[in-house]
Amino acid sequence: MAQKDFFALLNQPQRFAVDLSSLETAKNALLARLHPDRFVNASALEKRLAEQMSVRVNDAYQTLADDLSRARYLCLLRGKDVNEHKPMPAAFLMEQMRWHEKLEAAEQGRDRAALDALAAQVSAEQQAIIRALEEAFDVNNDTEAAYELTRKLLFVTKLLSQIQSEE
């Protein structure tokens, strides 16, 4: 028997835009059915399978609830590995370099206002990429564009995390 993908497991449409409430409801319903109390009189194999399935449900939820993880997963389902080494567009790399220079300058100068401004700028870019991903995946069904946007989101999310760790 083939394993269901995470969307099917949680009874969700295979889309980038997810209903987080529906996702959580599906997760909770499955975990309630797999709770160890329901398997008190079950065989060791049934208990182990229920435990493994609970882990899979939690993995599915964690993957689909996070924008970057969900985008990466959708790319994989469509045959694109975001971790594959491929050069980024020069303009995007230049923007990354400028942001890193601003981060370094703000860190060295202990400039809280500069860190906040950079965080706002990078966060706005992150949200723009997320909106573009929804369009690429769900509206245009453009796997190549979604793949490139996911790679950008990976960079931007990492940078935002670095900025926030300095705050």
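Residues numbered from 1 in each chain as written. Predicted model: local features only at pLDDT ≥ 70, side-chain atom pairs only at ≥ 80, totals over all residues. Heavy atoms only, no water.

**Considerations on the overall build of the protein chain**
Working step 1: For the protein chain, the helix and strand inventory stands at seven helices and zero strands.
Working step 2: In the protein chain, the succession of α and β elements from N to C terminus is α-α-α-α-α-α-α.
Working step 3: For a compact globule of 167 residues, the expected C-alpha radius of gyration is about 15 Å, and the protein chain comes in at 20 Å, more than 25% above that figure.
Working step 4: C-alpha extents for the protein chain along the principal axes are approximately 65 × 35 × 30 Å.
Working step 5: Across the 167 residues of the protein chain, 32% fall into the buried class.
Working step 6: Of the contacts formed within the protein chain by residues at least 6 apart in sequence, a portion of 69% connects residues at least 24 apart.
Working step 7: Summed over all atoms, the accessible surface of the protein chain reaches about 10200 Å², with 51% contributed by carbon and sulfur. (Helix = DSSP H or I, 4+ residues; strand = E, 2+ residues; numbered from the N terminus. Rg over C-alpha atoms; globule rule 2.2 N^0.38 Å. Buried < 20%, exposed > 50% of the residue type's maximum accessible area, 1.4 Å probe, protein only. Contact = heavy atoms within 4.5 Å. Areas by Shrake-Rupley, 256 points an atom, 1.4 Å probe, with all protein chains shown as cover.)

**Re the side chain of Thr150**
Working step 1: Summarising the element assignment, Thr150 is placed in helix H7 (residues 143-166).
Working step 2: Leaving out residues up to four positions away in the same chain, Thr150 has contacts with Leu68, Ala71, Arg72, Cys75, Val82, Leu133 and Phe137.

**Here we look at the environment of Asn41**
Working step 1: One can find Asn41 in the loop between helix H2 (20-33) and helix H3 (44-65).
Working step 2: Judged by its relative accessible area of 80%, Asn41 falls in the exposed class.
Working step 3: The sequence separation of Asn41 and Asp5 amounts to 36 residues, and the corresponding C-alpha distance is 30 Å.

**A closer look at a negative patch on the surface**
Working step 1: Taken together, Glu101, Glu104, Glu107 and Glu166 make up a surface patch of like negative charges.
Working step 2: Taking relative accessible area as the criterion, Glu101 reaches 52% and is therefore assigned exposed. (Patch = residues over 30% accessible without salt bridge, like charges linked within 9 Å, V, L, I, M, F, W, Y side chains within 5 Å. Salt bridge = Lys/Arg side-chain N within 4 Å of Asp/Glu carboxyl O. Lys, Arg positive; Asp, Glu negative; His and termini not counted. Charge placed at Lys NZ, Arg CZ, Asp CG, Glu CD.)

**With respect to the packing of helix H6 (residues 112-139) against H7**
Working step 1: Between H6 and H7, the shortest axis-to-axis distance is 9 Å and the interhelical angle comes to 160°. In terms of orientation, H6 lies roughly antiparallel with respect to H7. For the pair H6 and H7, the crossing hand works out as left-handed.
Working step 2: In terms of residue class, the contact of H6 with H7 is made up of 18 nonpolar, four polar and four charged. (Axes fitted to C-alpha atoms, helices over the stretch in contact; angles between N-to-C directions. Parallel < 35°, antiparallel > 145°, perpendicular 65-115°, else oblique. Left-handed = near helix turned anticlockwise from the far one by under 90°. Nonpolar A, V, L, I, M, F, W, Y, C, P; charged D, E, K, R; others polar.)

**A word on the pattern of salt bridges**
Working step 1: This structure, assessed with the given rule, holds seven salt bridges.
Working step 2: As a salt-bridge pair, Arg98 and Glu95 come within 2.8 Å of each other at their nearest N and O atoms. With a gap of three residues between them, Arg98 and Glu95 both fall in helix H5 (residues 90-108), about one helical turn apart.
Working step 3: Judged by its relative accessible area of 40%, Arg98 is partly exposed.
Working step 4: Residues Glu148 and Arg151 are paired through a salt bridge, measuring 3.0 Å at the closest nitrogen-oxygen approach. Placement of both Glu148 and Arg151 in helix H7 is noted, with a separation of three residues, approximately one turn of the helix.
Working step 5: Through salt bridges with shared partners, a single network forms among Lys80, Lys86, Glu144, Glu148 and Arg151.

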